[in-house]
Number of protein chains: 2
Amino acid sequence: KAGPRDELHLEWSKWVLVVVISIGVTFVAYGVSRGVETLADLKFSLVNSYIKTGDFVTAGRMFVAVNAILITVPAFLVTFIEPKAKGSGVPEVKSYLNGWHLHRAVAFRTMVCKASGIVFSVGGGLIVGKEGPMIHSGAIIGALISQMRPEKWQRLGLPYFGFLNHFRNDRVKRNFVSIGCACGVAAAFASPIGGTLFALEEAASFWSTKLTWLTFFGTMIAVLVSDMLMTGGVTIASAPVISFGSFEGPLRDKAYPLMEPYSVLQIPIFMLIGVAGGLAGALFNQVNKWLTKKRQSYILGNPGWQMLEAVAVAVLTALVLWTLAYTSPCIPERDPHSVERNMPLERFACPEGHVSEGATVFYSSLDRTVKHMFHSLHPFSMQTCLLLFLTMYSLANITYGINVPSGMFVPAIITGAALGRFVGEALQSSGYSVLVGDIHAGVFALIGSAAILGGITRMTISIVVIIIECTDNITYCIPIMLTIMTAKLVGDSFNKGLYDLHLELQGIPFLEEDEDLDFASNTARLKVTSVMSNHPVVFSEMESIDSILDVLANCTHQGFPVVSYTEEPTALNQSVSVYRHHGAQDPRVMLYRGFILRSQLALIIQYYLETGSVTPDYQWFVKWYPRHPRTAKLTDKLIKHPPEENWRNQLVDLRPYYHPGAQ
Amino acid sequence: KAGPRDELHLEWSKWVLVVVISIGVTFVAYGVSRGVETLADLKFSLVNSYIKTGDFVTAGRMFVAVNAILITVPAFLVTFIEPKAKGSGVPEVKSYLNGWHLHRAVAFRTMVCKASGIVFSVGGGLIVGKEGPMIHSGAIIGALISQMRPEKWQRLGLPYFGFLNHFRNDRVKRNFVSIGCACGVAAAFASPIGGTLFALEEAASFWSTKLTWLTFFGTMIAVLVSDMLMTGGVTIASAPVISFGSFEGPLRDKAYPLMEPYSVLQIPIFMLIGVAGGLAGALFNQVNKWLTKKRQSYILGNPGWQMLEAVAVAVLTALVLWTLAYTSPCIPERDPHSVERNMPLERFACPEGHVSEGATVFYSSLDRTVKHMFHSLHPFSMQTCLLLFLTMYSLANITYGINVPSGMFVPAIITGAALGRFVGEALQSSGYSVLVGDIHAGVFALIGSAAILGGITRMTISIVVIIIECTDNITYCIPIMLTIMTAKLVGDSFNKGLYDLHLELQGIPFLEEDEDLDFASNTARLKVTSVMSNHPVVFSEMESIDSILDVLANCTHQGFPVVSYTEEPTALNQSVSVYRHHGAQDPRVMLYRGFILRSQLALIIQYYLETGSVTPDYQWFVKWYPRHPRTAKLTDKLIKHPPEENWRNQLVDLRPYYHPGAQ
């Protein structure tokens with residue numbers, strides 16, 4: 001039916017939609033980022049005004065109080081407005097792309113709560129990141145914009161092009177969610193390729209060059225727009241919304257050292273860091289799983305406790321960080337012209353001419369601390385690195401799971417950076433560099449981040465590319481890859497990735513890839529009998545309204561096979577497409593014809609209700625998508641306003657509607 | 001049957017095999033690269049020895065003669081030894097990964113001829129690149145190593161692990177070919193991510209995170225090993241086998257300018273270059289298609305003409321380049337301390353204190369010329385750029401299709417670099433930079449390369465990533481992507497990509513991705529009747545040896561449906577799985593049961609021949625894979641040595657062998 005002109009129109013609609021989605025996602029990401037900055041600036045300048053007077057007791061109290069107050073906002077949003085806004089959102093996106101319709105996971109309210117909540121979570125000093133929520137918001141924007149009804153487009157004053165109706169179905173919606181999610185990654189990390197691969201890896205479905213190219217186009221627009229927003233001008237050099245400082249390229253802060261080549265002899269060290277990351281990640285996930293179970297038993301469902309827990313964690317975090325910053329030893333300030341002063345340390349509570357490593361890393365935003373670990377030429381003491389690692393590791397663990405929006409990327413990166421920097425500083429001071437070539441502690445921090453990130457999330461190729469792109473650093477591709485591989489291998493031998501664990505704990509099924517798809521060792525090990533019910537609920541090709549309503553009311557399945565009946569054929573009935581009817585005394589066998597969805601059946605009856613006819617066309621289903629009336633309501637209405645006397649026996653011909661595939 | 005221990009063993013076998021394949025591919029790529037260098041060095045130093053004496057006539061004659069002689073080698077290899085070694089090999093790999101078994105496309109002899117031939121093609125001064133053949137060689141190595149028989153492993157003194165037998169089937173072989181091909185790309189361009197995406201884009205099949213990760217691991221090893229080979233040491237910074245000079249990163253030649261940020265206002269110019277690239281690419285493909293058709297009519301099948309044509313093209317190329325180098329105007333040499341002397345020009349036939357732009361770009365290896373276009377700060381004259389563009393564009397066109405191994409990447413890159421540099425120099429000299437910010441002619445050359453590459457090959461995401469990785473340049477991701485997108489869009493409105501055109505001309509079918517998979521506009525437009533034969537050749541579930549041999553001898557199909565017969569069932573026969581038997585007078589209908597391959601049938605008969613039984617087990621098929629005996633031979637043997645008297649009527653039960661899917 002569709003002519004070449006329509007095809008072209010449809011084609012253009014897609015690209016236009018991707019641009020709109022991409023810009024939308026970027027603006028949300030940018031808004032979150034600026035919100036966090038503004039909030040943090042206000043908080044630190046308030047506390048700093050007390051520090052300047054030397055009144056550290058009041059300053060400390062202010063610090064704790066402000067953080068506690070800020071955290072009430074996201075805790076309130078998640079507890080009372082939209083529980084789906086909790087946590088990182090990556091597990092929700094993952095399960096959605098995997099085909100599981102999690103209720104309200106891609107709803108407008110969820111996005112609003114998530115995006116505004118994360119501003120206060122991060123601004124309130126929790127050990128959380130804002131990228132997970134950005135990715136989730138991106139996915140939601142992809143769903144919302146692509147599925148908008150004509151009425152809404154017109155109400156918003158936007159030009160409506162008729163072809164958007166073609167996008168209103170599950171499969172296409174999922175494609176746009178995947179594009180939105182990719183744009184979220186891209187905007188957050190300035191990572192167009194990483195974003196595209198993230199969507200592919202998480203969705204784990206069919207590779208389509210066209211969809212990939214469309215996704216890549218979206219991520220690219222996202223990077224371009226976020227670049228323009230961040231630099232406030234027309235000069236572009238990939239400025240990420242979240243930046244840990246570029247290791248290479250024109251935007252590299254000239255104070256940062258250029259990335260150096262590495263020696264093959266360092267690779268075993270990188271892999272050992274990978275092992276450490278895998279172990280630490282597995283332990284992290286195990287403890288967090290235990291904590292989450294405890295939370296589910298004691299706190300879940302009690303709003304008061306949930307609010308209290310969030311605030312308690314915020315107070316604890318603020319107290320710990322403040323104490324560590326305050327009690328950290330003071331060291332003499334370096335010569336102001338020394339190369340090691342490329343990123344000056346903070347003075348905080350130290351006497352004139354002295355600075356404190358502890359205050360620099362603990363009394364600061366997380367991003368800034370990561371930058372110190374990655375780029376500072378100052379030789380951090382091993383104690384500071386170790387303390388930072390342990391603190392962040394424990395705080396991040398108790399934080400992930402409280403009732404606020406909270407991402408896991410930055411906590412993992414900061415924990416890993418501390419671990420890696422620790423190794424780097426240890427090697428540097430031990431003179432080990434004679435054996436393996438120059439040691440750059442910042443590089444080890446980067447590798448450490450990759451290790452912990454791999455150990456906790458167990459993601460693979462997309463994480464490698466995201467790290468490369470967000471640090472503008474193509475040189476360390478191989479070490480990063482090897483480290484993540486090692487971390488994943490070690491971690492996987494203990495437990496699942498954090499996102500998968502949380503999906504499991506929430507009871508959400510996840511369809512894993514089938515290894516055998518690629519490397520079959522034996523022929524199909526799965527037997528038909530193990531997936532087939534002995535007494536399937538089936539429909540004939542012609543069914544009465546009454547029997548349809550009966551099945552819909554008494555069976556919760558979302559779809560049903562449609563069969564036709566035949567006399568027993570002469571050949572052996574061993575094919576999957578022929579099976580015996582339930583009653584063994586019935587001599588007929590059923591021939592499988594196709595599959596019909598609950599929603600289709602409900603909508604056919606709704607059509608019958610409204611028009612008296614049982615042959616709705618395709619547009620009818622599109623119009624209702626993704627909703628369909630409930631069975632009880634349909635039955636009620638039919639009883640009250642029957643379209644014809646004998647409605648119960650009205651036959652419905654299912655043949656035009658069932659899906660003949662899926663045998 | 002397989003226990004967890006076996007699974008682990010199988011898992012490890014894969015990774016080990018990938019390492020072996022990866023190292024193999026890299027050594028071949030490195031060998032080709034060194035071979036080309038050595039040959040070119042010898043040739044240029046021979047000719048230079050005459051140039052030094054000022055005898056340009058003899059030097060020119062030598063140049064032409066040496067090139068002509070060198071080209072006889074690849075022409076001989078392709079014409080007389082292995083015709084499949086001709087051309088780039090990317091179309092062959094593409095069609096193989098797409099599921100088409102091109103005879104000898106992944107054979108050992110093809111690889112030897114291709115790898116050794118390309119050394120002489122490039123060394124002999126043709127306008128060809130060595131990457132396509134490297135990729136093809138990589139794919140072949142993937143096939144060869146993964147499919148090696150136990151005997152061969154042992155003969156080579158390698159430890160044989162039993163699980164390799166599990167890899168001996170079409171699907172797994174294709175996976176390893178795809179990994180080998182990715183390693184080829186990675187080794188050639190130092191592009192691990194680009195190589196992985198190349199394999200995904202060309203194969204266009206199911207996305208599997210595990211396979212992708214395994215591929216990425218392979219490409220990474222390839223880059224690591226090629227890095228160690230190239231630098232001859234342990235310091236790694238991604239040195240590609242083929243280098244056009246790094247724009248960023250630690251390995252960047254300090255003489256090259258650092259990549260600069262760009263202005264959004266330059267993006268329209270980049271897109272215009274994309275339009276030009278699309279148009280030029282479409283014209284290139286159209287002319288090359290016409291040329292190929294002419295070749296197929298007049299030259300194909302005549303070895304003498306094929307050899308002569310190759311030598312003639314070599315002579316023509318050498319003559320044109322030499323003449324252009326010789327007649328190019330001399331310009332005064334710059335101040336030796338000037339920044340513009342970052343890459344000195346050649347003096348060639350110019351008087352003392354003068355240099356020649358023409359000699360620099362025409363009398364040089366192609367890689368070196370590309371580096372000049374990308375990185376030189378010397379303001380090349382617009383005439384030189386235009387002349388370079390036109391020369392390379394025409395020579396590349398007549399060259400692609402002659403009977404030698406020949407890649408298309410470098411010709412496209414050099415043509416595009418000349419075009420882009422032309423635009424850059426024009427903008428720079430016109431003072432247009434006031435409007436759009438600093439113009440860097442080298443950046444425009446890079447964009448031009450992307451445009452022509454996109455316009456000719458029509459590849460998408462993988463080409464973008466390859467260009468980014470092989471120039472160590474993450475900053476220009478977005479301009480490169482937009483340019484390629486524009487070029488592809490423009491080009492696609494005229495004709496197909498070069499590789500697809502050549503597949504078409506060779507009559508090889510290619511299964512395109514189905515757009516509707518992603519964005520369905522209407523429901524399935526393909527009717528069953530349009531793909532179904534009216535009188536299919538079918539087997540019953542029990543067939544006699546005689547009738548099997550009869551069908552195999554008289555029908556060339558590679559596989560056959562297996563059916564069972566039944567009386568006409570009562571329901572309407574509208575399902576695809578039920579169709580009427582050929583003779584309309586036959587009242588029975590056939591029930592589709594499954595599908596059996598010609599090779600399976602032939603091997604069952606072979607088993608019968610050897611053992612007298614018709615029930616071979618799975619190992620029997622594995623042992624023979626991928627070969628099977630010819631029908632005529634089987635019939636002969638059966639007649640000569642019948643296993644039993646009444647062999648013609650021996651019934652074979654096909655039920656354990658047919659594939660019940662594929663309905």
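For clarity, every value in this text was computed on a predicted model and none was experimentally measured. (Residues numbered from 1 in each chain as written. Chains lettered and ligands numbered in written order. Predicted model: local features only at pLDDT ≥ 70, side-chain atom pairs only at ≥ 80, totals over all residues. Heavy atoms only, no water.)

Quick word on the overall build of chain A
Right, on to step 1. The number of helices and strands found in chain A is 25 helices and ten strands.
Right, on to step 2. Put simply, chain A has 663 residues, and 59% of those count as buried.
Right, on to step 3. Within chain A, contacts between residues separated by at least 24 positions form 77% of all contacts whose residues are at least 6 apart in sequence.
Right, on to step 4. Here chain A has roughly 26,500 Å² of accessible surface; of this, 62% comes from carbon and sulfur atoms. (Helix = DSSP H or I, 4+ residues; strand = E, 2+ residues; numbered from the N terminus. Buried < 20%, exposed > 50% of the residue type's maximum accessible area, 1.4 Å probe, protein only. Contact = heavy atoms within 4.5 Å. Areas by Shrake-Rupley, 256 points an atom, 1.4 Å probe, with all protein chains shown as cover.)

Some thoughts on a nonpolar patch on the surface
Right, on to step 1. A cluster of nonpolar side chains, contributed by Leu 8, Trp 12, Val 16 and Val 20 of chain A together with Leu 489 of chain B, occupies part of the molecular surface with about 480 Å² of accessible area.
Right, on to step 2. It is helix 1 (residues 4-52) of chain A that provides the largest number of residues to the nonpolar patch, a total of four residues.
Right, on to step 3. Among the residues examined, Leu 489 of chain B registers a relative accessible area of 56% and is labelled exposed. (Patch = residues over 30% accessible without salt bridge, like charges linked within 9 Å, V, L, I, M, F, W, Y side chains within 5 Å. Salt bridge = Lys/Arg side-chain N within 4 Å of Asp/Glu carboxyl O.)

Some points on the state of the cysteines
Residues and elements named next belong to chain A.
Right, on to step 1. Using the criterion set out here, one finds two disulfides over all chains in the structure.
Right, on to step 2. Between Cys 330 and Cys 350 runs a disulfide, and the two sulfur atoms are separated by 2.0 Å. Measuring handedness by torsion sign, the sulfur bridge of Cys 330 and Cys 350 sits at about -90° and is left-handed. Here Cys 330 is found in strand 3 (residues 330-332), whereas its partner Cys 350 is found in the loop between strand 3 and strand 4 (354-356), with 20 residues between them in sequence. (Disulfide = S-S within 2.5 Å.)

Description of the nonpolar core
Right, on to step 1. Grouped together as the largest cluster of nonpolar side chains are 304 residues, with contacts concentrated most on Ile 480 of chain A together with Ile 480 of chain B.
Right, on to step 2. Ignoring any residue separated from it by four or fewer positions in sequence, one finds Ile 480 of chain B in contact with Leu 446, Ile 447, Ala 450, Val 464, Ile 467, Ile 468 and Asn 473 of chain B. (Core = buried A, V, L, I, M, F, W, Y, C linked by side-chain atoms within 4.5 Å.)

Regarding the pattern of salt bridges
Residues and elements named next belong to chain A.
Right, on to step 1. With the rule as written, the count across this model stands at 25 salt bridges over all chains.
Right, on to step 2. Here Asp 500 and Lys 94 are joined by a salt bridge, their closest N and O atoms 3.3 Å apart. In this pair, Asp 500 sits in helix 20 (residues 498-505) while Lys 94 sits in helix 3 (residues 90-97), placing the two residues 406 residues apart along the sequence.
Right, on to step 3. Judged by its relative accessible area of 12%, Lys 94 is buried.
Right, on to step 4. We note a salt bridge from Arg 347 to Glu 352, for which the minimum N-O separation is 3.6 Å.
Right, on to step 5. In this structure Arg 347 comes out as partly exposed when scored by relative accessible area, which is 40%.
Right, on to step 6. A residue is classified by how much of its surface remains accessible, and Glu 352, at 66% relative accessible area, is exposed.
Right, on to step 7. Connected through shared salt-bridge partners, Glu 82, Arg 104 and Arg 109 make up one network.

Thoughts on the packing of helix 17 (residues 441-457) of chain A against helix 19 (residues 477-492) of chain A
Residue and element names in this part refer to chain A.
Right, on to step 1. Their axes nearest at 8 Å, the elements helix 17 and helix 19 cross at an angle of 35°. Viewed along their axes, helix 17 and helix 19 form a crossing whose handedness is right-handed. Contacts between helix 17 and helix 19 involve Leu 446, Ile 447, Ala 450, Ala 451, Gly 454 and Gly 455 from the former and Pro 479, Ile 480, Thr 483, Ile 484, Ala 487 and Lys 488 from the latter.
Right, on to step 2. Of the residues belonging to the contact of helix 17 with helix 19, the class tally is eight nonpolar, three polar and one charged. (Axes fitted to C-alpha atoms, helices over the stretch in contact; angles between N-to-C directions. Left-handed = near helix turned anticlockwise from the far one by under 90°. Nonpolar A, V, L, I, M, F, W, Y, C, P; charged D, E, K, R; others polar.)

Re the side chain of Thr 384 of chain A
Right, on to step 1. Residue position: Thr 384 of chain A is located in helix 14 (residues 382-399).
Right, on to step 2. A residue is classified by how much of its surface remains accessible, and Thr 384 of chain A, at 11% relative accessible area, is buried.

Thoughts on the environment of Ile 331 of chain A
Residues and elements named next belong to chain A.
Right, on to step 1. With respect to the secondary-structure elements, Ile 331 resides in strand 3.
Right, on to step 2. As for Ile 331 and Ser 356, which are separated by 25 residues in sequence, their C-alpha atoms are 6.1 Å apart.
Right, on to step 3. Here Ile 331 is in contact with Leu 345, Gly 353, His 354, Val 355, Glu 357 and His 378, once residues within four sequence places are set aside.

Considering helix 3 of chain A
Helical geometry note: an α-helix holds 3.6 residues per turn, so side chains three or four residues apart project in the same direction.
Right, on to step 1. When you tally the buried positions in helix 3 of chain A, you get eight out of eight residues, the bulk of the element.
Right, on to step 2. The inward-facing, buried residues of helix 3 of chain A contact helix 5 (131-146), helix 7 (170-189), helix 8 (192-203) and helix 20 of chain A.

A closer look at the packing of helix 2 (residues 56-81) of chain B against helix 11 (residues 303-327) of chain B
Residue and element names in this part refer to chain B.
Right, on to step 1. Between helix 2 and helix 11, whose axes approach to 8 Å, the crossing angle comes to 150°. The pairing of helix 2 with helix 11 is recorded here as roughly antiparallel in orientation. Considering the relative orientation of helix 2 and helix 11, their crossing is right-handed.
Right, on to step 2. For the contact of helix 2 with helix 11, the residue count by class is 19 nonpolar, five polar and no charged. (Parallel < 35°, antiparallel > 145°, perpendicular 65-115°, else oblique.)

Some thoughts on the side chain of Gln 600 of chain A
All names here are of chain A.
Right, on to step 1. On the secondary structure map, Gln 600 appears in helix 23 (residues 598-611).
Right, on to step 2. A distance of 2.8 Å separates a polar atom in the side chain of Gln 600 from the backbone nitrogen of Leu 597.
Right, on to step 3. In this structure the side chain of Gln 600 is engaged in a polar contact, spanning 3.1 Å, whose partner is the backbone oxygen of Tyr 657.
Right, on to step 4. Once you skip the residues sitting within four places of it in the chain, Gln 600 turns out to touch Phe 621 and Tyr 657. (Polar contact = N/O pair within 3.5 Å; in protein donor to acceptor, adjacent residues only side chain to side chain.)

Some details on helix 11 of chain B
Right, on to step 1. The end-to-end C-alpha separation of helix 11 of chain B is 36 Å, in line with the 36 Å expected for 25 residues at 1.5 Å each.
Right, on to step 2. For helix 11 of chain B, the capping residue at the N-terminal end is Asn 302 of chain B, with a side-chain oxygen 3.1 Å from the backbone nitrogen of Gly 304 of chain B. (Expected span 1.5 Å × (residues − 1).)

A short note on unusual backbone geometry
All names here are of chain B.
Right, on to step 1. Unlike most non-glycine residues, Phe 348 shows phi in positive territory, near 50°.
Right, on to step 2. Assignment of secondary structure puts Phe 348 in the loop between strand 3 (330-332) and strand 4 (354-356).
Right, on to step 3. Despite not being glycine, Arg 458 has its phi angle at roughly 60°, a positive value.
Right, on to step 4. Here Arg 458 shows up in the loop between helix 17 (441-457) and helix 18 (461-470).

Considering the packing of aromatic side chains
Right, on to step 1. A complete count under the given rule lists 38 aromatic pairs over all chains for this structure.
Right, on to step 2. With 5.4 Å between their ring centres and 70° between their planes, Phe 56 of chain B and Phe 348 of chain B make a pair best called edge-to-face. Of this pair, Phe 56 of chain B sits in helix 2 while Phe 348 of chain B sits in the loop between strand 3 and strand 4; the two residues are 292 residues apart in sequence, bridging distant segments of the chain.
Right, on to step 3. One aromatic cluster is present, built from ring pairs that chain together Phe 44, Phe 56, Phe 63, Trp 322, Tyr 326, Phe 348 and Tyr 363 of chain A. (Phe/Tyr/Trp six-rings, centres within 6.5 Å; stacked < 30°, edge-to-face > 60°.)

Details of the confidence of the model for chain A
Detailed reading of the predicted coordinates is not advisable wherever pLDDT is low.
Residue and element names in this part refer to chain A.
Right, on to step 1. The predicted model of chain A averages 83 in pLDDT, with 85% of residues at 70 or higher.
Right, on to step 2. Per-element mean pLDDT across chain A ranges from 42 in strand 8 (residues 578-580) up to 96 in helix 14.
Right, on to step 3. Note on residues 569-586: pLDDT is under 50 here. Beyond four places in sequence and across chains, it has 47 contacts. (pLDDT = per-residue confidence, 0-100.)

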